[in-house]
Each structure stands twice: as C-alpha cells, then as structure tokens.
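Here's the letter readout for the chains.
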Amino acid sequence: MPPKKAAAKPNVSAEELLGHYREMLLIRRFEEKAGQLYGMGLIGGFCHLYIGQEAVVVGLEAAADEGDKRVTSYRDHGHMLACGMDPKGIMAELTGRDGGFSKGKGGSMHMFSKEKHFYGGHGIVAAQVPLGAGLAFSDKYKGNDRVTFAYFGDGAANQGQVYETYNMAQLWELPVIFVIENNGYAMGTSVVRSTKSPSLWERGAAYGIKGEEVDGMSVLAVKEAGERAVAHCRAGKGPYILEVKTYRYRGHSMSDPAKYRTRDEVQKMRDERDPIEQIRDMLLTGKHATEDDLKAIDKEIKATVNEAAEFSKESPEPALEELWTDIYAEVEA
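This structure is a prediction, so every number in the text was calculated from the model and none was measured.

Observations regarding the packing of aromatic side chains
Here is step 1: Tallying each qualifying case throughout the model produces 8 aromatic pairs.
Here is step 2: Consider the rings of Y185 and Y247, whose centres lie 6.4 Å apart with planes at 80°: the pair is edge-to-face. Of this pair, Y185 sits in the loop between β3 (176-182) and α7 (191-194) while Y247 sits in the loop between β5 (240-245) and α9 (263-273), and the two are 62 residues apart along the sequence.
Here is step 3: Look at Y185 and you get buried, because its relative accessible area is 8%.
Here is step 4: Put simply, the rings of Y163, Y166, F178 and Y207 touch in pairs and so form one group of aromatic residues.
Here is step 5: Across from the ring centre of Y185, 5.6 Å away, lies the NZ or CZ of R261, which sits over that ring.

Shown next, in the form of structure tokens:
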C-alpha cells in the first residue's frame, strides 16, 4: 500500500500542474476506452490496464530528457502515452490492426517505438530488467549522457535476473534507473504474503546501489525523486532504485476479478489518494483553473481517445505477408 503521508509539495507552476493533469487524464481516459473495446471483443489476448498508476510514468517522464530510454513489462499503455507515442497507433496495435506501432502483431503486451525510445512492453516477468541494463550499457559505451528507465513490478522484484542485473549495473556503473512499480498485489498475491523484506528498494544495498521509496500516488513526489535519480545517473555514479508505492484500481488483467481485495479498499484509495484528483484539487484551490477549464480539457481528451478508437476500427488488419517481416535484422557484411 502507498504511504499514507504524501511528501512535501515542491514549488511548481500552474503550467506544469496543468500539463501533469492533462497527461494523467489522457492515460485514464485511454485505458477506460481500451477496457470498453476489450469488452466488445475488439481487443484480443491479454490486456493490462494502468488505471490508478498514472502518476508514476507522468512524474518520471517529467524528469527525463530527450533521448532517454524506457523499457517496461506488459502494463505498458501508460508508459507509451507518457513518452509521447500517438494514441492512434497504440489503440490500433491493441486491436491488432496494420496502423499499430507493431503493425498489429504485438497487441497490448508488445509494442515498440524507436523514435520515442520506447523499447517495450515485455511479457516475460522481469525479462525487461536486464534489457534495460543493456540499453544503459550502450549509452555508457557511446558516452552520450543518456539514462534508461527500467520499469518492473513488485512481483518481478523477486526474480533472480533482477539481482544479477543489479550486480552488473553497479559493477559497470551503468546509467539505469530501476523503477519498481509496487502496486501491492503483483498478479494477485499481496506483497506481504510474497515478500519477506520490509522494502524492495533496500535490497540494492547488497550491491551498493542507492535508492529510495516514493509516494507513487503523487505525481509531484515522483517527479522530485525522478530528478534525484536522473542527476545521480548522469553524474556517472551508476544505477539508482526507485520503489514507487502505487495502486491499480482494476484487476491484474481484464480477466482478473480481483477477489483478493475488498471493494471498500479500492474505493478508499480512489476517494483519498487518487493522483488525478490531487492535482485537480491543487488547480482549483490555487485558482490556476476553473471547473469549466478542467471540463474543457476532459472533453478534448475524450475526443482524442474516441478518435484513436475510430482509427483503430477503420485501420485494416495486417496482410498475411506481415507474418514474415521483422523477424531478422538486416545488416551489411
């Protein structure tokens, strides 16, 4: 469960608050629409929604610079939107259409964008963690001052390859930020039943990796911690661990009824800790925006999401020939 007390709010402009609000709301509305399309049978396979966790990626993207990389697991639509990938291409990929980022062949769990430095969406639990270290190794080798964000969850945090990666990343002082999105339940087992250590980020101490716990329901707290982590990596001090305590409102996937927790628990989190409502309250109480302003933003975002949904429906299914593309990399001898 996320910490009950939020971190002190740093100074932030009205423009930044509105930006955070808009980006988190886009993710929320997009995921709600994806849930609808899944229910209509337009999205097949697995579909893992990011509703409730929006502050994590929005806060960290606010701390990133152009050229920084990100890699994550299968709850990845929010990461794509936060790094600037086109909602149309994302939704088309979810529905398996040719206009999708992976030409309809990856679906919800496997999307990439070289242009936005987004390296997936990976379906094997924790497999993206060593890949993230590999991306950071490439950047250190090139000396380009870039940082990689390697996202994984509390369930993946118990995988052995995570600790092999910690060791190598610290040994080679790689500029990688390990982001543990601890939503408390992994695939459906509470972290208190699956993990003996009281915290996950402190496990990095065995390798000499610095880190901290962050209130993942506060986009401002996440951004502030992200800036510390980025500065640490860019200074050549090696990796950094952020254990971001967050919460997902939906089940692990669309097929998960989430009977391992009570409705009251979820509703209490929505009522008291919702990341979007926190920023909304700050905008209104600080007189940075009116109710009408925020309604207009919501209307605009819903139009964007509806447009993406229509694009996904109209985009054709991939041709059979696409089965044979993107299998091998073409290289010059």
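Here's the deal with the nonpolar core
Here is step 1: Judged by nonpolar contacts, the single largest core of 65 residues is most densely connected at Y21, L60, F149, I177, V179, L242 and I279.
Here is step 2: Among the elements that make up this core, the one with the highest residue count is helix α1 (residues 14-39) (9 residues).
Here is step 3: If near-sequence neighbours (up to four positions away) are discounted, F149 is found in contact with L60, A64, D68, K69, R70, V71, I177, V179 and V230.

Remarks on helix α11 (residues 291-314)
Here is step 1: The terminal C-alpha atoms of α11 lie 35 Å apart, and with 24 residues this matches the ideal 34 Å at 1.5 Å per residue to within 8%.
Here is step 2: Burial in α11 covers these residues: L294, I297, D298, I301, V305, A308, A309 and S312.
Here is step 3: Looking at the buried side of α11, the elements it contacts are α1, α4 (87-94) and α10 (275-285).

Comments concerning the sheet that holds strand β2 (residues 148-153)
Here is step 1: The 5 strands lie next to each other as β1-β2-β3-β5-β4, forming an open sheet whose pairing is parallel. Lying at the two open borders of the sheet, with one neighbouring strand each, are β1 (69-71) and β4 (210-215). Along the sheet, successive strands turn relative to each other by an average axial angle of 20°, direction set aside.
Here is step 2: Sitting on the sheet, helix α6 (residues 160-171) is in contact with β2, β3 and β5, with an inclination near 150° to β3.

Re the side chain of E93
Here is step 1: Mapped onto the secondary structure, E93 falls in helix α4.
Here is step 2: One buried charged residue, E93, remains without a salt bridge, the closest side chain of opposite sign being K105 at 8.7 Å.
Here is step 3: Polar contacts involving the side chain of E93 include one to the main-chain amide nitrogen of S102, which spans 2.7 Å.
Here is step 4: In this structure the side chain of E93 is engaged in a polar contact, spanning 2.8 Å, whose partner is the backbone nitrogen of G104.
Here is step 5: The contact partners of E93, leaving out residues within four places of it in the chain, are G100, F101, S102, K103, G104, K105, G106, G107 and M111.

Focus on the pattern of salt bridges
Here is step 1: Taken as a whole and judged by the stated rule, the model has 25 salt bridges.
Here is step 2: For the salt bridge of E213 with K245, the shortest nitrogen-to-oxygen distance reads 3.9 Å. Of this pair, E213 sits in strand β4 while K245 is found in strand β5, placing the two residues 32 residues apart along the sequence.
Here is step 3: For K245, a relative accessible area of 12% gives the class buried.
Here is step 4: Through salt bridges with shared partners, a single network forms among R29, E32, D298 and K302.

Here's the deal with a nonpolar patch on the surface
Here is step 1: Side chains of F137, Y141, M168, L171 and W172 sit close together on the surface and give an oily, nonpolar patch of about 600 Å² of accessible area.
Here is step 2: Listing elements by their share of the nonpolar patch, those giving two or more residues are α5 (128-142) and α6.
Here is step 3: Here M168 shows up in helix α6.

Looking at the confidence of the model for the protein chain
Here is step 1: In the predicted model, the protein chain carries a mean pLDDT of 95, and 97% of its residues have values of at least 70.
Here is step 2: A low-confidence stretch, residues 4-8 (pLDDT under 50), is modelled with 6 contacts involving residues beyond four sequence positions or located in other chains.

What about the pairing of β5?
When a strand is regular, its side chains alternate between the sheet's two faces.
Here is step 1: A large share of β5 lies buried, amounting to 6 of its 6 residues.
Here is step 2: Of the two faces of β5, both are covered, the one formed by Y240, L242 and V244 as well as the one formed by I241, E243 and K245.
Here is step 3: Across 6 bridges, β3 lies against β5 in parallel orientation. Paired with N182 across the two strands is K245, which belongs to β5.
Here is step 4: Pairing of β4 with β5, which is carried by 6 bridges, proceeds in the parallel orientation. Residue K210 lies in a different strand from β5, and its bridge partner there is Y240.
Here is step 5: On the question of chirality, the crossover connecting β4 to the parallel β5 by way of helix α8 (residues 219-234) is right-handed.

Quick word on unusual backbone geometry
Here is step 1: Look at D145: it is not a glycine, yet its phi comes out positive at around 65°.
Here is step 2: Tracing the backbone through its elements, the reader meets D145 in the loop between α5 and β2.
Here is step 3: For D145, a relative accessible area of 43% gives the class partly exposed.
Here is step 4: Phi is positive for A258, which is not a glycine, with a value near 55°.
Here is step 5: In this structure, A258 sits in the loop between β5 and α9.
Here is step 6: Note on A258: relative accessible area 14%, which makes it buried.

Quick notes on the rules
One numbering rule holds for all chains: residues counted from 1, following each sequence as written. For a predicted model such as this one, the threshold for reporting local features is a pLDDT of at least 70, and the threshold for listing and counting side-chain atom pairs is 80 or more; totals across whole chains, interfaces and linings nevertheless cover every residue. Side-chain descriptors were evaluated using all non-hydrogen atoms of the structure, hydrogens and water having been removed beforehand. Pairing of aromatic rings covers Phe, Tyr and Trp, the last through its six-membered ring, and needs centres within 6.5 Å; plane angles under 30 degrees mean stacked, over 60 mean edge-to-face, and all others mean tilted. Starting at the N terminus, helices and strands are each numbered in turn, a helix being any DSSP run of H or I of at least four residues and a strand any DSSP run of E of at least two. Classification of residues uses two cut-offs on accessible area relative to the type maximum, computed with a 1.4 Å probe and protein chains only: under 20% is buried, over 50% is exposed, and between them is partly exposed. Note on criteria: charge over ring means Lys NZ or Arg CZ within 6 Å of the ring centre, with the direction from the centre no more than 35 degrees off the ring normal. Side-chain atoms within 4.5 Å link the members of a nonpolar core, which is a set of buried Ala, Val, Leu, Ile, Met, Phe, Trp, Tyr and Cys residues. Throughout, a contact is declared for two residues whenever any of their heavy atoms are within 4.5 Å. Take the number of residues in a helix, subtract one, and multiply by 1.5 Å to get its expected span. Here, strands pair whenever DSSP counts at least two bridges between them. Between the N-to-C directions of two axes lies an angle of 0 to 180 degrees, each axis being a line fitted to C-alpha atoms and, for a helix, fitted only over the stretch in contact. Only four residue types enter the tally: Lys and Arg on the positive side, Asp and Glu on the negative side, with His and both chain ends excluded. By definition here, a salt bridge exists when the distance from a side-chain nitrogen of Lys or Arg to a carboxyl oxygen of Asp or Glu is within 4 Å. Counting of polar contacts relies on pairs of N or O atoms within 3.5 Å, with two restrictions inside protein: one atom must be capable of donating a hydrogen and the other of accepting it, and residues adjacent in sequence are counted only when both atoms are side-chain atoms. For patch detection, residues must exceed 30% relative accessible area and be free of salt bridges, and they are connected within 9 Å for like charges or within 5 Å for nonpolar side chains (Val, Leu, Ile, Met, Phe, Trp, Tyr). In this description, accessible areas are obtained by the Shrake-Rupley approach with a 1.4 Å probe, and a residue is regarded as covered only by the protein chains that are shown. Each residue gets a pLDDT score, which is the predictor's confidence in that residue and runs from 0 to 100. Classification remark: right-handed applies to a crossover when, strands pointing away from the viewer, the course from the first strand over the helix to the second runs clockwise.

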